[in-house]
Amino acid sequence: MTAHTHRERTGHADLTRALTAGGVLTPDWASAFAAVPRAAFLPEVMWPFDMAAGTSVAVSRADDPDAWQAYADADVPVVTQWDDGAHSGREPGRVSTSSASMPSVVFRMLADLDVRPGDRVLEVGTGTGWNAALLAHRAGAGNVVSVEVDGAVAARARGALERFGAGVRVVHGDGYEGHREGAPYDRVIVTAGVRRVPFAWVRQTRPGGLVVLPWGTDYGNGDGVARLTVARDGRSAAGFFTGPVEFMKLRAQRLAPVVHGDYVTGGPEERELSTTELTEDALLGERFAPQRFAVGLRVPRCHHVVAERRDGSRPVWFYGLDDRSWACALFRDGASARVWQSGPRRLWDEVEAAYRWWGGEGGPGHERFGLTVTADGQAAWLDAPDRSWPV
């Protein structure tokens, strides 16, 4: 055994133990993880997220094979494309546009998908091809179709899958439309964040089948994994969220950049000033705090931006996406926050009311919320579909 082979086996074994101990690598997926290493699908130059540095770093297999292998076997996300392919060089680009997800996230979603041998599976978003190869190992060669919107990404994944010997059909196309040719599917899994669920995914899944996808609102970048069961009549799909995640957004649903200067115009007389006793920690919590998810569900078409803390103060901005309404809450340590609002909507009032509603319901986590999708739209709900509202 060469030193390189030893490092591969050691790193993979360590990751296996970590994922198993964390409860995300379930027994039914253990054999697929053992047989299908992520390293077989990663490019020679990649940009893993360095947890210590808090940023993506360039790693070359040719220049530093040990570091490359260590990241391949680490529970970190790995960027494999920047700026829709326009990026060149080894420095990180402006916007990450394709990646290999954290293994813990991959197997959480695969566990939700509940794939059985022989199932027909549609994957929307091929990426590196690793997820598709895992699916093919579980469902069987020839049973997985993967659709990728980016031609270069699709070609690289197709080559990696062919070299590995995984029986996956990779289709270059817009996964927003699904893939009718292979329908009906037993399972559909989506590897990009979604804001509005295309009904094509429901229509192409058999009654009783599952659609698993990262879904979120315009409020922020965070998502929840929605596990939707298609109804017997095929006219809807519904289910609970299983936990928080964050994915690159479906290209057809990317949020256009919010230009601050287009909102904050005019003089002080056009801004309403008030105060709030709601604290920064209460409103924001941690990165994947359920209150952020809940506020997004209750305040439609609003995007919030958390600015950097300076001199003991942190502004949090709120922008209405259908008009030029805006609000800003300026939080200060140990003091009431000042709030400015302007425009047809009083966005801060909506946000604070949503937070109070969430608290009044017992501070529910993601798992108490659910989603229903029909041909006419989608609705979120708390605890049961009869407690729903449009989103």
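Everything below is about the structure shown above.
The text that follows walks through the structure, step by step, so that each part is easy to find. (Residues numbered from 1 in each chain as written. Predicted model: local features only at pLDDT ≥ 70, side-chain atom pairs only at ≥ 80, totals over all residues. Heavy atoms only, no water.)

1. Focus on the overall build of the protein chain
In plain terms, the rule: Helix and strand assignments come from DSSP, with helices taken as H or I runs of at least 4 residues and strands as E runs of at least 2, each series counted from the N terminus. Computation of the radius of gyration draws on C-alpha atoms, with the globule rule given as 2.2 Å multiplied by the number of residues to the power 0.38. A simple rule labels every residue: compare its accessible area, found with a 1.4 Å probe on the protein chains alone, to the largest value its type can have, and call it buried under 20%, exposed over 50%, or partly exposed in between. We call two residues in contact whenever any of their non-hydrogen atoms come within 4.5 Å of each other. All accessible areas in this document rest on Shrake-Rupley with a 1.4 Å probe, and a residue is counted as covered only by the protein chains that are shown.
Helices and strands together make up the secondary structure of the protein chain, namely 11 helices and 20 strands. Taken over the C-alpha trace, the protein chain has a radius of gyration of 22 Å; the compact-globule value for 391 residues is 21 Å, and the two agree within 12%. C-alpha extents for the protein chain along the principal axes are approximately 70 × 55 × 40 Å. Buried residues in the protein chain amount to 49% of all 391 residues. For the protein chain, the proportion of contacts with a sequence separation of at least 24, taken over those separated by at least 6, is 57%. Total accessible area computed for the protein chain in this model is approximately 17400 Å², and 51% of it derives from carbon and sulfur atoms.

2. As for the packing of helix H2 (residues 27–35) against helix H5 (residues 130–139)
For clarity, the threshold we go by: Geometry is summarised by axes, namely lines fitted to C-alpha atoms with helices restricted to the contacting stretch, and by angles between N-to-C directions that run from 0 to 180 degrees. If an angle is under 35 degrees, it is roughly parallel; if it is over 145, roughly antiparallel; if it lies from 65 to 115, roughly perpendicular; otherwise it is oblique. The hand of a helix crossing depends on one turn: near helix anticlockwise from the far one by less than a right angle means left-handed, and clockwise means right-handed. For this scheme, ten residues count as nonpolar: Ala, Val, Leu, Ile, Met, Phe, Trp, Tyr, Cys and Pro. Four count as charged, namely Asp, Glu, Lys and Arg, and the remainder, Gly too, count as polar.
H5 packs onto H2 with a crossing angle of 125 degrees between their chain directions and a minimal axis gap of 9 Å. Between H2 and H5, the interaxial angle falls into the category oblique. Note on packing geometry: the crossing formed by H2 with H5 is right-handed. Within the contact between the two elements, H2 uses Asp 28, Trp 29, Ser 31, Ala 32, Phe 33 and Ala 35 and H5 uses Trp 130, Leu 134, Leu 135, His 137 and Arg 138. By residue class, the composition of the contact of H2 with H5 is 7 nonpolar, 2 polar and 2 charged.

3. Observations concerning the sheet that holds strand E17 (residues 335–342)
This is how it is decided: Criterion used throughout: strands pair if DSSP finds at least two bridges between them.
The sheet built from 5 strands is open, its strands ordered E13-E17-E16-E15-E14 with antiparallel pairing. Both outer strands of the open sheet, strand E13 (272–276) and strand E14 (302–306), are each paired with one neighbouring strand and no more. The average angle at which neighbouring strand axes cross in this sheet is 20 degrees, direction not considered. In this structure, strand E15 (residues 313–320) lies alongside strand E16 (residues 326–332), joined through 7 bridges in antiparallel fashion. Bridging across to E16, Trp 317 finds its partner in Cys 328.

4. As for the packing of aromatic side chains
Under the convention used in this document: Here is the rule: rings of Phe, Tyr and Trp (six-membered ring for Trp) pair when centre to centre is within 6.5 Å. Planes less than 30 degrees apart are stacked, more than 60 are edge-to-face, and the remainder are tilted. Either the NZ atom of lysine or the CZ atom of arginine qualifies as a charge over a ring when it sits within 6 Å of the ring centre and within 35 degrees of the ring normal.
Inspection of the entire model under this criterion finds 18 aromatic pairs. For the ring pair Phe 241 and Phe 293, a centre distance of 5.1 Å and an interplane angle of 80 degrees mean the geometry is edge-to-face. Linking Phe 241 in strand E12 (residues 236–245) with Phe 293 in helix H10 (residues 290–298), this pair joins segments that are 52 residues apart in sequence. Classification of Phe 241 as buried rests on a relative accessible area of 1%. With a centroid separation of 5.6 Å and 45 degrees between ring planes, the pair formed by Tyr 355 and Trp 358 is classed as tilted. Of this pair, Tyr 355 and Trp 358 both sit in helix H11 (residues 347–360), separated by 3 residues, roughly a single helical turn. Among the aromatic residues, ring-to-ring pairing joins Trp 215, Phe 241, Phe 293, Trp 357, Phe 369 and Trp 389 into one connected group. Over the face of the ring belonging to Trp 68 we find Arg 61, whose NZ or CZ atom lies 4.1 Å from the ring centre. For the cation-ring pair, Arg 298 lies above Trp 389, with the distance from its terminal atom to the ring centre recorded as 4.5 Å.

5. Re the side chain of Thr 97
Applicable threshold: Polar contacts, as counted here, are pairs of nitrogen or oxygen atoms within 3.5 Å of one another; within protein the pair requires one atom able to donate a hydrogen and one able to accept it, and residues that are adjacent in sequence qualify only if both atoms are side-chain atoms.
Within the secondary structure, Thr 97 sits in strand E5 (residues 96–100). Look at Thr 97 and you get buried, because its relative accessible area is 11%. A polar contact of 2.9 Å, which involves the side chain of Thr 97, links it to the backbone nitrogen of Asp 84.

6. Some remarks on the side chain of Arg 195
Here Arg 195 shows up in the loop between strand E9 (185–190) and helix H7 (199–203). A distance of 3.3 Å separates a polar side-chain atom of Arg 195 from the backbone oxygen of Gly 220. Those residues within four positions of Arg 195 in sequence are excluded, and the remaining contacts are Trp 215, Gly 216, Thr 217, Asp 218, Gly 220, Asn 221, Gly 222, Asp 223, Lys 249, Gln 253 and Gln 378.

7. Description of the pattern of salt bridges
Applicable threshold: Each salt bridge in this description consists of a side-chain nitrogen of Lys or Arg and a carboxyl oxygen of Asp or Glu lying within 4 Å of one another.
Summed over all chains, the structure comprises 25 salt bridges. Residues Arg 206 and Asp 186 are paired through a salt bridge, measuring 2.6 Å at the closest nitrogen-oxygen approach. Of this pair, Arg 206 sits in strand E10 (residues 205–215) while Asp 186 sits in strand E9, placing them 20 residues apart in sequence. On the basis of relative accessible area, Asp 186 is assigned to the buried category, the value being 14%.

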